[in-house]
Structure formats: structure tokens, C-alpha cells
Amino acid sequence: MTEFPQNGSLKVWWKESTVYQVYPSSFRDSNGDGIGDIQGVISKLDYIKTLGADIVWLNPIFSSPQVDVGYDISDYYGIHPPYGTVADVDELAAGLHARGMKLVLDLVVNHTSDQHPWFQESRSSLTNSYRDWYIWKKPVYKDGQQQPPNNWKSYFGGSAWTYDEGTGEYYLHLFAREQPDLNWETPQVRTAVHEIMRYWLARGADGFRMDVINFISKDQRFPDAPITNSGSRWQSGKQFYACGPRLHEYLRDIGKILKEYDAFSVGEMPDVDDSVEVLRAVGHDREEPSMVFQFEIVGIDHGAEGKFAPRRWEMQELKRIVSKWQTYMIDNHGWNAIYLENHDQGRSVSRFASDRPEHLQLSAKMLATFLGCQCGTLFIYQGQELGMPNVPRDWPMDNYRDIETLNHWKEMTSLHPDDASLHRTTQGEYRLKSRDNSRTPMPWDESPNAGFSVAQPWIPVHGDHLATINAAAQVKDPSSAFWYWAKVLRLRKQYPEVFIYGSFALVSPEHEDVFAYTRTPLSPSGREGALIVLNFRPYEVSWSVPPKLLLSNPGEIVLSNYPSRAGSQLNETTSISLGPLEALVWLW
Ligand code: ISL
Ligand code: CA
């Protein structure tokens, strides 16, 4: 290893920041139309500040027909009217800046809405000057039958190509047909994106989360994908567009603009599990996005036939994946984005711990410790700080709103109309992994609609556990998940050499129930290290403190989700019994 980070030059503000993600439509409705809005966010800035977050990332707020809740943008300079106006965004930025916080917007530029004027122009004729702004291809013919240009599948079901009668060609859409992919090979497209970025940065945004940013460069041969799912006509073409040939050229152009503004940046990078590949973007000298969301952890319970196929994950896999990203980025001067939840994921207590009512708070705190003590910029998704679980067992299909879930259900039930058992298991998988699990309204208090809105919300409120899973109750209760998260964020700020910049090592890697790791400062610091011990099981387990660690300074337990443990010592005994879902942090 080289001298990192002794020289201090690799210490930057965005490594020490915590991001709080707001899903605007489900956060807080200020005007009683059942849809969250920007004024609603403004009214809760003190809440986010109290938690200790430094940055607010908003999912897309721009003009959009809302086929995919804003990931289908029809005007990058306008705001979706139910959310508010550009003046509201200015007010939000000012409100954040006044609190010493920052605003991050969602830049969705792999695709636009099919209602964007660029696409309307593009589809209008073969010779329109916008034709090459999107990816158009002639049909192919097999056995006299017209076919799409290749066999790529869309993430939201079916072929990734849609035939457009008007001009007799297909256009590519890796997501919904209403989300045509932009053609980044066209220089004007890149310039248009750069203009959007400059506009919002100049207006007060402090950076971007960049949607599927590793998909923007496609292999221009557009070959058929190998058959990985024999049950389907459509196959994943990821090897031809995830981290494509010109990706880093495009990212460096973006990076220049980000650098000019000292902006925050996180790229979303699905479908790459190769840390060497990811380092090409996030290496400290790359000047591309500062960090990316990788999907290896949140994909751990996806089955071989896709996200909604069942899969049980093993502790050893989780350890391998976490350890891989932690050590690789620390050793190679890259940087991780640390998350378990966002608007596309099921709730972490339900997927990674236990969401039985008696375990909810313990689970939330255990996972807060797991995440919050890792190396990387921490992302917290609205409601995660309260320990919100997935939708209840009796959540009917009618309650789902998400295009991915609905398309999947439609496709599955039309292929297997009478397979009741498959329908049941699939619904079970939705209750684990449907994107709607995280999109239910934020519970602010126990009043009707959980204090989210005076009107009926656009998606039903999660009605269970409302007495404890609401912001007002938790802010009042010093022993809540909310205040536990606040402590985690404070620990990071208090001991950055340990928790932000320290190295990472697994402890007792072979243990099947306990995830334990150390963080050790790389440069001189008041503290020599921390040991994080997490019982992922909802029952008691025993664990032995490795003798090597017992030789160190006595230290103290600075954080635990079991009040009896706080302040006690670990060095008096080698074997300890950990309570269900117990977490502890020993600092020495
Ligand atoms: O959640 C997923 C479907 O299983 C992911 O594959 C997801 O589609 C992928 O991570 C890309 O997500 C992003 O782009 C999508 C949008 O629907 C998601 O909300 C967004 O986070 C298209 O813009
Ligand atoms: Ca509203």
C-alpha cells in the first residue's frame, strides 16, 4: 500500500458527509393533494438537520408524465407542477444552505420521456435534425417475420425496442417504452446534458446523483445478447451497455463541470460487480463521479431468473461482498457509496434483519451500526432512520403503483394464468423486493394518513406499527432508532480517522451469524481502532473476542442497541453472548 492517506490530500468534504434521500412524492404533502411536494420538504429541513445529515438528495422533480415517477423527464428546466416551481427549488436550496447543508438533484440522462420535445422531433421523420439524438434501428427479418434489431430485454419487461409506425424503425429503451434512450454518440446530446448540469449548479444545486450513468455508452454493433434465461425470448444485453466503450470519455467531460463547482456526485451503476471496473470511475485521480452505487449487496436476494425470483442469501456471501468493496476501495484510493435502501429497494429491516414487530427497532439499529461504521459516504433513505418495514402481508395487488412490479405481474399472470402457487410466491417476493415497499408515505405522526397529507395519499400509507414507526414519536424518545442513527452520524464526525478514513478488516470471518469488523486509523489519531460486532440473527448467539484484540488498550463500548451493554468492557471475557440483533461498537 502507498502512503494514503497520510498526506491528507485525499480527505474531502464529501467523504465526511451523510446524504439523506428524499422521495418527493412520498415525503410530505404541504397543499393537500395527496402528493408530496417541495414545500413539504422545506417544512422538514430541521428534522433532517436534527438527524445529522449534511446533504439532501431529491429523486427527480422535473416535468414528467410520471410513467416511472419522474425518471421519465419531459423538460429538464421545468418542475413537475404538483411538486412546485423553480422558485420552490430556489427556496429549498437557500433553506439547506442556511443550515450548512447541500442539495443534490437527480440527473436522468440515459433516457428522456417519450414526451420530451427532443424525442417528439426525433420520431417525426428520418431526416429530422434530432433523429440521431435517440437510438433508431431498422427491423430485422427472421423467417419472414419482422423482429426488433436484437434480443435485448427491457428492465421493465419485454423487448428493449419499440417499433415506431411513423418512420418504420425501432427505438431503444432499456426501461419503459416511454423512456427512450438518448444517443450519447451524438455530440449535441452531450452538450445538452452539460448545459442542464451547468444550469442547476449555477442555480444553487450542489451536485447530482446520476441515474444509470454506466449505461450511456453502448456497443455500437448492438449485437444479440447471449442466452442467460432460457425461459424468455428477451435477454440481458448488459455486457454491451453497462460500462460501454466510451463511458469514461463521457464521464470525464461531466467530471470537468463537477470539478468547476466542487460539486457532489454519485453515479448509479447497476450490473457491474467488478471492483476493478468501478475503480475506473471512482479512483481518486479519475475526476469522474466521486462514488457510485454498486448493486452487489442489494442484489444478494435476487434469484437466477431475475429480481422477483426467490433467493436465500448466506452470511458468508454478505461478508465476502462487503469486505471486497471496503478493502478494494481503501487499498486503491477509490471511494464507496454505502447504502442498503433507496426508492428502488425493499426496506432493509425486512430484507437483511427481522421485521417482526418486537425486532423492528433492534434491527434498524443493528443495520445502522453495520452501515454507519463502514468506509464510504453514507446514504440514508427516508424512513430508514425510523426502521420502517416493507408493506404488510395483506397488501393487495391493487395497492401497488410501481411500473416494474405491475409489468412483471401482468407478464407473469398472462404466461401462467392458473398457477396459484406461483402467484402466491411471486407476491411474497414483491413484499420483499417491490420498489413500492420504500415508496409508501413517510409516517410523520399518528394522525390520519400518518401526518403525510390531509388528503388520501397517491399510494396507501403503511398502517402497521404506526405508534412507534413515526417521526414525532421517535424524536420524543431518546431510545428510538432515530436517535440511534443520530449517534452513528455523530460518531463518524467525532472520529473521522477511524470511521471515515480507517482501514477495514473482517473479524471471525467464518462465523455464520455474527458480522464483525474492525476499522483502524491509517494516520495518527486519538483512537487506535474500533471493533464493530453485529448479531444478524433474531436470537441469542455466542461469539468470542479474538485474543489478538484483547491485547489492545481496554477501550470502551461507545454504541450499542442494548442499553445494558453500553459503557461495559469487552476485555474481561473472551466469549460473550450477543442478544437477538445486538450491535456494539468498541472503541479503543
Ligand atoms: O430497481 C431496479 C429494477 O429491478 C433496478 O434495476 C433499477 O431499474 C436500476 O437500478 C435503475 O434504476 C434507476 O433508473 C430507472 C428508475 O426506474 C429507477 O427508479 C432509478 O433508480 C430508470 O430511470
Ligand atoms: Ca402536494
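The structure under discussion appears in the preceding block.
What this report covers is the structure whose coordinates are included nearby. (Residues numbered from 1 in each chain as written. Chains lettered and ligands numbered in written order. Predicted model: local features only at pLDDT ≥ 70, side-chain atom pairs only at ≥ 80, totals over all residues. Heavy atoms only, no water.)

1. A few points about the sheet that holds strand β9 (residues 161-164)
Stated formally: By this definition, two strands are paired if DSSP reports at least two bridges between them. Numbering of helices and strands starts at the N terminus; helices are DSSP runs of H or I of at least 4 residues and strands are runs of E of at least 2.
Read from one edge to the other, the open sheet built from three strands follows the order β6-β10-β9, with strand pairing classed as antiparallel. Pairing within the sheet leaves two strands with one partner each, and these edge strands are β6 (136-137) and β9. Bridge count between β6 and strand β10 (residues 169-172): two bridges; the pairing is antiparallel. Its bridge partner lying in β10, W136 is registered against Y171.

2. Here's the deal with the packing of helix α10 (residues 360-372) against helix α14 (residues 481-494)
Our working definition: Angles here are taken between N-to-C directions and fall from 0 to 180 degrees, while the axes themselves are lines fitted to C-alpha atoms, restricted in helices to the stretch in contact. Roughly parallel means an angle under 35 degrees; roughly antiparallel, over 145; roughly perpendicular, 65 to 115; everything else is oblique. Helix crossings fall into two classes, left-handed where the near helix is turned counterclockwise from the far one by less than a right angle and right-handed where it is turned clockwise. Contact criterion: two residues are considered in contact whenever any of their non-hydrogen atoms come within 4.5 Å of each other. Three categories are distinguished: nonpolar for Ala, Val, Leu, Ile, Met, Phe, Trp, Tyr, Cys and Pro, charged for Asp, Glu, Lys and Arg, and polar for the others, with Gly belonging to the last.
Where α10 contacts α14, the axes come no closer than 9 Å and their chain directions differ by 15 degrees. For the element pair α10 / α14, the angle class is roughly parallel. For the pair α10 and α14, the crossing hand works out as right-handed. Facing α10, whose interface residues are Q361, A364, K365, A368, T369, L371 and G372, α14 presents A481, Y484, W485, V488 and R492. Within the contact of α10 with α14, the residues separate by chemical class into seven nonpolar, three polar and two charged.

3. Here we look at the packing of aromatic side chains
Stated formally: Between the rings of Phe, Tyr and Trp (Trp by its six-membered ring), a pair exists once the centres lie within 6.5 Å; its type follows the angle of the planes, with under 30 degrees stacked, over 60 edge-to-face, and the other angles tilted. Buried, partly exposed and exposed residues are distinguished by accessible area as a fraction of the type maximum, computed with a 1.4 Å probe on protein chains only: under 20%, between the cut-offs, and over 50%, respectively.
Counted according to the given criterion, the structure contains 45 aromatic pairs. Considering the side-chain rings of W57 and F379, the 6.2 Å spacing of their centres and the 80 degrees angle between planes classify their relative orientation as edge-to-face. Here the residue W57 occupies a position in strand β2 (residues 55-58), and F379 occupies one in strand β15 (residues 377-381), the gap between them amounting to 322 residues. The exposure classification of W57 matches that of F379, with both residues buried.

4. Points about helix α7 (residues 275-282)
Most of α7 is tucked away, with six of its eight residues classed as buried. Buried within α7 we find S275, E277, V278, L279, A281 and V282. Considering only its buried residues, α7 is in contact with α6 (247-260), β13 (291-293) and α8 (315-331).

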